[in-house]
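Structure assessment
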Amino acid sequence: MDERILFYGTPEFAVGCLDYLRSSGVNIIGVVTAPDKKSGRGRKLNYSPVKKYALSQNIPIFQPTNLKSIEFQQTLEKLQPDIQVVVAFRMLPKQVWSFPPKGTLNLHSSLLPNYRGAAPINWVLINGEKKTGVTTFMIDEKIDTGQILLQKTIKILPQDTFSMLYPKVLEHGKILLAETIRKMISRDIIPIEQNTTGYEKKAPKLTSENTRINWDLPLIKIERLIRGLEPNPGAWTFFDNGQNKNLRMKILRAEIKTFESHEKPYQITINQKKMLITHHQGHLQCKYIQLEGKKTMDVKSLLNGYTFLQGSKVL
């Protein structure tokens, strides 16, 4: 493909798409990614996954702090991209997304117009959907509202967690992205408006508030939250370890046990190296957990060195 493609992206998901595009013969003239950040005790400068990949492949890298700046506009003038491709990047201003003659397209990890927002793969699991998908669309003034180019449906299995669904979405997404670019170049694609009803579900950014387990919810909703947030950021809860001291714990994998409980709800009980949390609908058996400041462990290994005192309960 001779058309000049400028790629925008930051996380590992974007790397998977970028690598596939290059292997498919797409002419990537450069990547635009997030500025480097300092983190950790030594305030070490960290590169985004896309930058690391671009460095390894000798792809020109651009890291504007201000996408509206004259400097970045001059960069676009110099590069003269025919098409811009966006995968998991921040919102582009109009002077950027409207620059290339054939437009700017985005890959989104849901069947738009459902699950607009930052975390669609997580939220389809949290909400118990039976299917999801990927969508390519033209960027416009608002977030995830542009005309749809192509879509692909993906079946969600009952046991799927985020870490299981993510690679399926990436695999279908990168293929759809390459197909979309080919069809845009050959003018074999007709964008269509998103058909909204007002009942679409959202995929907001994950926060400390919306990832906390509400133990008053039905067990199935608690189990879905855990699957949708595994392995990161993880569904979390406070618990009292029998000493009136609130500690933080993430539950990364769990299974519903619906046998009747005669104990008070929300008690942590240990039986034969198994960890159960009582609930008014039965029990939640925890398989993998992470105590605050500790690494993730399977429950059996954790219980070899940690004791939940009698009276321990989730909060």
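Residues numbered from 1 in each chain as written. Predicted model: local features only at pLDDT ≥ 70, side-chain atom pairs only at ≥ 80, totals over all residues. Heavy atoms only, no water.

1. Observations regarding the packing of aromatic side chains
So the rule is basically this: Each aromatic pair joins two rings of Phe, Tyr and Trp (for Trp, the six-membered one) with centres within 6.5 Å, and gets the label stacked for planes under 30 degrees apart, edge-to-face for over 60, and tilted for any other angle. Strands are runs of DSSP state E lasting at least two residues, helices are runs of H or I lasting at least four, and both sets are numbered from the N terminus onward. Each residue's exposure class comes from its accessible area (1.4 Å probe, protein chains only) as a fraction of the maximum for that residue type: buried when under 20%, exposed when over 50%, partly exposed otherwise.
Evaluation of the coordinates by the stated rule reveals 7 aromatic pairs. An angle of 75 degrees between the planes, with centres 5.6 Å apart, marks the rings of Phe13 and Tyr166 as edge-to-face. Here Tyr166 lies in helix 6 (residues 162-185) and Phe13 lies in helix 1 (residues 12-23), a separation of 153 residues in the sequence. Measuring from ring centre to ring centre gives 5.6 Å for Phe239 and Phe308, while their planes differ by 55 degrees; the resulting arrangement is tilted. Of the two residues, Phe239 is situated in strand 12 (residues 235-240) and Phe308 in the loop between helix 8 (299-303) and strand 18 (313-314); the sequence distance between them amounts to 69 residues. The pair Phe239 / Phe308 is uniform in exposure class, with both members buried.

2. Structural notes on the pairing of strand 1 (residues 5-9)
Definition in use: Pairing between two strands requires that DSSP report at least two bridges joining them.
Burial within strand 1 is extensive, with 5 of its 5 residues counted as buried. Here strand 1 shows a buried face lined by Ile5, Phe7 and Gly9 and a second buried face lined by Leu6 and Tyr8. Of the strand pairs in this sheet, strand 1 and strand 6 (residues 83-87) are connected by 5 bridges, and their pairing is parallel. When the sheet's bridge partners are listed, Phe7 is paired in strand 6 with Val85. Relative to strand 2 (residues 28-32), strand 1 runs parallel, the two sharing 4 bridges. Bridge pairing in strand 2 places Tyr8 opposite Val32.

3. Digging into the pairing of strand 15 (residues 274-279)
Counted residue by residue, strand 15 has 5 buried out of 6 residues, so it is predominantly covered. Strand direction decides the pairing type here: strand 14 (residues 268-271) and strand 15, joined by 4 bridges, are antiparallel. Bridge pairing links Ile270 to Met275 in strand 15. Linking strand 14 back to strand 15 in an antiparallel pair, the connection comprises 2 residues, with Gln272 at a positive phi of about 50 degrees. Inspection of the sheet shows strand 15 paired to strand 16 (residues 282-291) by 5 bridges, in the antiparallel sense. Residue pairing across strands places Ile277 opposite Leu284, the latter belonging to strand 16. Taking the residues between adjacent antiparallel strands as the criterion, strand 15 and strand 16 are bridged by 2 residues.

4. With respect to the side chain of Lys174
What counts, and what does not: Definition of a polar contact: a pair of N or O atoms within 3.5 Å, with one able to donate and the other able to accept a hydrogen when the atoms are protein atoms, and with sequence-neighbouring residues admitted only if both atoms are side-chain atoms. A contact between two residues is defined here by any heavy atoms of the two lying within 4.5 Å.
Along the polypeptide, Lys174 turns up in helix 6. Note on Lys174: relative accessible area 16%, which makes it buried. Side-chain polar atoms of Lys174 contact the side chain of Glu171, separated by 3.2 Å. In contact with Lys174, other than residues within four places in its own chain, are Gly16, Cys17, Tyr20 and Leu107.

5. Focus: the sheet that holds strand 10 (residues 148-155)
The condition is simple: To get an axis, fit a line to the C-alpha atoms, keeping to the stretch in contact for a helix; angles then go from 0 to 180 degrees between the N-to-C directions.
Sheet architecture is open: 7 strands sit in the order 5-2-1-6-7-9-10, paired in mixed fashion. Sheet topology places strand 5 (61-62) and strand 10 at the edges, where each strand pairs with a single neighbour. Helix 3 (residues 70-79) rests against strand 1, strand 2, strand 5 and strand 6 of the sheet, and its axis sits at about 145 degrees to strand 1.

6. Some thoughts on unusual backbone geometry
Leaving glycine aside, a negative phi is the common case for residues, and trans is the common case for peptide bonds. The residue after Leu112, namely Pro113, is reached through a cis peptide bond having omega 15 degrees. Structurally, Pro113 can be placed in the loop between strand 7 (104-108) and strand 8 (116-117). Omega for the bond connecting Glu230 with Pro231 falls within 30 degrees of zero, at 5 degrees, which places this linkage in the cis form. Tracing the chain through its elements places Pro231 in the loop between helix 7 (219-229) and strand 12. Positive phi values are uncommon outside glycine, yet Asn58 reaches one of about 60 degrees. The topology assignment puts Asn58 in the loop between helix 2 (49-57) and strand 5. The exposure class of Asn58 is exposed, given its relative accessible area of 71%.

7. Some remarks on helix 2
Residues spaced three or four apart along an α-helix point in a common direction, a consequence of the helix completing one turn every 3.6 residues. This is how the line gets drawn: Taking the helix axis as origin, the arc is that swept by the directions to the C-beta atoms.
For helix 2, the full list of buried residues reads Val50, Lys51, Tyr53 and Ala54. Viewed along the axis of helix 2, the buried residues span an arc of 160 degrees, placing them on a single side of the element. Its buried side turned inward, helix 2 meets strand 1, helix 1, strand 2 and strand 5. Within two residues after helix 2, Asn58 carries a phi angle of roughly 60 degrees, on the positive side.

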